[in-house]
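If you want the building blocks of each chain, they are given just below.
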Amino acid sequence: MNLVCRDVAVEYSCGTQAVRPIDGLDLEVSSGELVLLMGPSGCGKTSLLSMLAGILRPLRGRISVDGLEVTRLAGGRLTDYRRHRVGVVFQAFNLVPSLTAAENVEIPLRAAGRGRRQSRKRARELLEQLGLGDRCSHRPGALSGGQQQRVAIARALALDPPVVLADEPTAHLDRAQVGRVARLLREIADEGRVVIVATHDDRIAPLADRAVMLDEPAAAPAPARAEAFDPALGAGAKIPVYAAT
Amino acid sequence: MTWLVALRDLQWGRRRFAIAVTATALVFALGLLMSGVSASFDNEIRRTVDAIGADGWLVPAESFGPFTGPATMPAARAAVARRLPGVRRADPIAVLRASTRTPRRGSVNLLGVVPGGVGSPAGAEARLLERGLAIADASLGLGVGDGLDLSGTSFRVGAVTHGRTYFAGVPTVTVSLRAAQRLALGGRPLATAIVTQGAPVRAPRGFALLGNADVRTDLGRPVAQAKQTISFIRLLLWAVGAGIIGAIVYLAALERMREFAALKAIGVSTRDLMAGLAAQAALLSLLSAVLAVALENAIAPAVAMSVEVSPAALATLPLIAVTAGIAASALAIRRAVAVDPALAFGAAR
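Quick caveat: nothing in here was measured; it's all calculated off a predicted structure.

A. Structural context of the overall build of chain A. In terms of helices and strands, chain A carries 6 helices and 12 strands. A sequence separation of at least 24 residues applies to 66% of the contacts in chain A between residues at least 6 apart.

B. Just the interface of chain A and chain B, in detail. Across the boundary between the two partners, chain A contributes 28 residues, which contact 25 residues of chain B. Put simply, the parts of the chain that give the side of chain A that touches chain B at least two residues each are helix H1 (45-52), helix H2 (75-84) and helix H3 (101-111) of chain A. Here the element with the most residues in the side of chain A that touches chain B is H3(A); it accounts for 5 residues. Of the residues belonging to the side of chain A that touches chain B, the class tally is 14 nonpolar, 7 polar and 7 charged.

C. Region of the structure containing the pairing of strand E9 (residues 170-176) of chain B. Residue and element names in this part refer to chain B. The buried fraction of E9 is high, at 6 of 7 residues. Relative to E9, strand E4 (residues 106-113) is paired through 5 bridges, and the arrangement is parallel. Residue pairing in the sheet places Asn 109 in a bridge with Thr 172 of E9. In this sheet, E9 lies alongside strand E5 (residues 134-137) in antiparallel orientation, the contact comprising 2 bridges. Across the sheet, residue Ala 136 finds its bridge partner in E9, namely Val 173. Of the strand pairs in this sheet, strand E8 (residues 165-166) and E9 are connected by 2 bridges, and their pairing is antiparallel. For Tyr 166, the partnering residue across the bridge sits in E9 and is Val 170. Connecting E8 to the antiparallel partner E9 that follows it, the hairpin turn spans 3 residues, and Phe 167 within it adopts a positive phi of roughly 60 degrees.

D. Up close: the confidence of the model for chain B. This prediction gives chain B a mean pLDDT of 92; 99% of its residues lie at or above 70. Complex prediction metrics read pTM 0.77 and ipTM 0.80.

E. Looking closely at the packing of helix H2 (residues 14-52) of chain B against helix H7 (residues 224-255) of chain B. All names here are of chain B. Between H2 and H7, the shortest axis-to-axis distance is 9 Å and the interhelical angle comes to 165 degrees. For the element pair H2 / H7, the angle class is roughly antiparallel. Two packed elements cross with a definite hand, and for H2 against H7 that hand is left-handed. Residue classes in the contact of H2 with H7 are distributed as 17 nonpolar, 6 polar and 3 charged.

F. Fine view of H3(A). Counting buried positions over the 11 residues of H3(A) gives 11, a clear majority of the element. All buried positions along H3(A) are accounted for by A:Ala101, A:Ala102, A:Glu103, A:Asn104, A:Val105, A:Glu106, A:Ile107, A:Pro108, A:Leu109, A:Arg110 and A:Ala111. The secondary structure elements touched by the buried residues of H3(A) are H2, helix H4 (116-129) and helix H5 (145-157) of chain A together with helix H1 (2-12), helix H8 (257-265) and helix H9 (270-299) of chain B. Note on H3(A): the residue one or two positions beyond its end, A:Gly113, has a positive phi of about 95 degrees.

G. Focus on the environment of B:Ser38. Residue and element names in this part refer to chain B. Within the element layout of this structure, Ser 38 appears in helix H2. Along the chain, Ser 38 and Ala 226 lie 188 residues apart, while their C-alpha atoms are 8.3 Å from each other. Setting aside residues up to four positions removed in sequence, Ser 38 forms contacts with Lys 227, Ile 230 and Ser 231.

H. Examining the environment of B:Ala179 more closely. Residue and element names in this part refer to chain B. Within the secondary structure layout, Ala 179 lies in helix H5 (residues 177-184). Look at Ala 179 and you get buried, because 22 C-beta atoms sit within 10 Å. Along the chain, Ala 179 and Gln 225 lie 46 residues apart, while their C-alpha atoms are 33 Å from each other. Excluding anything up to four places from it in sequence, Ala 179 contacts Gly 112 and Gly 132.

I. The arrangement of the packing of H5(A) against helix H6 (residues 175-190) of chain A in detail. All names here are of chain A. It is the contact of H5 with H6, at a shortest axis distance of 10 Å, that shows an interaxial angle of 10 degrees. With respect to H6, the axis of H5 lies roughly parallel. Once H5 is placed against H6, the crossing between them reads as right-handed. Between H5, through Gly 145, Gly 146, Gln 149, Ile 153 and Leu 157, and H6, the contact on the second element is made entirely by Gln 177, Arg 180, Val 181, Leu 184 and Ile 188. Class assignment of the residues belonging to the contact of H5 with H6 gives a composition of 5 nonpolar, 4 polar and 1 charged.

J. Just the nonpolar core, in detail. Formed by 133 residues in total, the largest nonpolar core has its most connected members in A:Leu36, A:Leu52, A:Leu165, A:Leu185, A:Ile196 and A:Val197. Here A:Leu185 is in contact with A:Leu34, A:Ala166, A:Pro169, A:Val195 and A:Val197, once residues within four sequence places are set aside. Counting residues in each nonpolar core, the second largest holds 57 residues, with B:Trp57, B:Val113, B:Leu150 and B:Leu183 among its members.

K. Broad picture of H1(B). All names here are of chain B. Within H1, the full set of buried residues consists of Thr 2, Val 5, Ala 6, Asp 9 and Leu 10. End-on view of H1: buried residues confined to an arc of 135 degrees, all on one side of the axis. Contact partners of the buried residues in H1: H2, H7 and H9.

L. Structural detail: unusual backbone geometry. Residue B:Pro103 is reached from B:Thr102 by a cis peptide bond, and omega for that bond is -10 degrees. Here B:Pro103 lies in the loop between strand E3 (89-100) and E4. The phi angle at A:Glu168 is positive, at roughly 45 degrees, despite the residue not being glycine. What makes A:Glu168 buried here is the crowd of 22 C-beta atoms within 10 Å. Despite not being glycine, B:Ser151 shows a phi value in the positive range, around 50 degrees. With respect to the helices and strands, B:Ser151 occurs in the loop between strand E6 (147-150) and strand E7 (153-161). Overall, the presence of 15 C-beta atoms within 10 Å leaves B:Ser151 in the partly exposed class.

M. Quick look at the pairing of strand E3 (residues 34-38) of chain A. Residue and element names in this part refer to chain A. Taken across its 5 residues, E3 has 5 buried, putting it largely inside the fold. Residue alternation in E3 divides its side chains into two sets, Leu 34, Leu 36 and Met 38 and Val 35 and Leu 37, and both sets are buried. Summarising the sheet, E3 and strand E8 (residues 194-198) pair through 4 bridges and their orientation is parallel. Bridge pairing links Leu 34 to Val 195 in E8. Here 4 bridges tie E3 to strand E9 (residues 210-214), and the two strands are oriented parallel to one another. Within E9, the position partnered with Leu 37 by the bridge is Val 212.

Cut-offs used in this document
Residues numbered from 1 in each chain as written. Chains lettered and ligands numbered in written order. Predicted model: local features only at pLDDT ≥ 70, side-chain atom pairs only at ≥ 80, totals over all residues. Helix = DSSP H or I, 4+ residues; strand = E, 2+ residues; numbered from the N terminus. Contact = placed C-beta atoms within 7 Å. Nonpolar A, V, L, I, M, F, W, Y, C, P; charged D, E, K, R; others polar. Buried ≥ 20, exposed ≤ 12 C-beta atoms within 10 Å, placed from the backbone. Pairing = 2+ DSSP bridges. pLDDT = per-residue confidence, 0-100. Axes fitted to C-alpha atoms, helices over the stretch in contact; angles between N-to-C directions. Parallel < 35°, antiparallel > 145°, perpendicular 65-115°, else oblique. Left-handed = near helix turned anticlockwise from the far one by under 90°. Core = buried A, V, L, I, M, F, W, Y, C linked by C-beta atoms within 7 Å. Arc of directions from axis to C-beta.

Have a look at this one:
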């Protein structure tokens, strides 16, 4: 399983000016890899995650997951991709406040047509694995930030997708919780998934396989630069991998 | 899944939804009351015509109806009608109005009939009329044995009818034709119509022949505008009720935009989101309809006019309410369908 981006560009207007935060991005991630997307605010981390999640269509370029070209999907096939191929953990968790933790995890399962009992069982198993076995019937409002984040991760894993995307998963967490979530993401990758995390938090870096540095956005059509660095070499040791075109 | 999220959201915002359901139920109840009042106009007309039990009505040619444009003629002209082919029996009848002071000042419909004849109650009640007693509708507020003042003449109530009203709930008092002639026609042997058993084939010279359908139309003429107004108000009330449901579902949907975006982003289909909101609207409407029936039952006795909500109206209320509620929620559904899943990502544009 691998995820491939080729010559991906995204553009949106900022007032009267068109901004192209990502321009000519090439990226390959294999299963088992935990990759961080890093860079200043507005550099396109979330946009890239949105494109990988099949939510945002790039201006140009191609994104494929295990040979399936995401950028060509539409309608039911796109919904199916979002449902089965990719799990998303949002920065603000985005749990449904009226549902319990278990019911939140059940959503993708039920949406995929799984039976009620089967969905409930799977949701409980996942929550137990993530240390939330005793919080299944709690609503998000009754859970701490870290617990909500783990519920969101359980929801992302419900249908066992090969790709997991996380947007600033540690933004609302304290130091102890950051460590726990980082280890969890590492474990999820080690289970053979592609895990891509957009983050400002370099505390996750030691557990990542690599990080992709995205530069400040440029006004279109000037190209943006994207670089990667190896966490093992430290933040200063940048390894350019994407040539702007 | 659709129902689960819809139900949980309703539980989550139960106070807000309870207020919306109560307000909508009140509006729907008013709509039901309006329906009941409008239906009572039709029902009292039907009961009045049925109670007279005629097959044909002969009125002076210049009269356009025995109830709204009565014109007098000699009661003896009933003899002409009796000779008409198809007529088994014919009797004169006087359709008049009288004032009363008992039990309070007001007007009544006065019906003078030949006791035991066409248009008259049968058996013991006919004998009461022969004895000079009156048969009054219960809506007048008098019981058997009570004194009844009719345009200054004293009667005693011999029997009480129920639902015998016309012209929007005005009670009907039946007396003998002779009593009616003394009371309102100066004692002259006049009548305003001849009612027949067996339908005449044609009207004799100087008469107009009316069937029961014509008479019902005649009786409905004074309340036609009221009915039209009631229908219009009822329609407005339905719209207001549906509007409340639509507004509450829309506002709730606006608050849930990020939730919808996240659900879309994780692969929940647009169809499921639509179904969830439609289910909410349907459930709220249904609850409102059920509560409306209870409210209508509680309010109806306090309404001065007769309220006769038909079982059909009660049965169709939930259907109409649900349809109207879902239709009113179309805007909310449209917003939810159009939400960009990218909204789920905090900083995504």
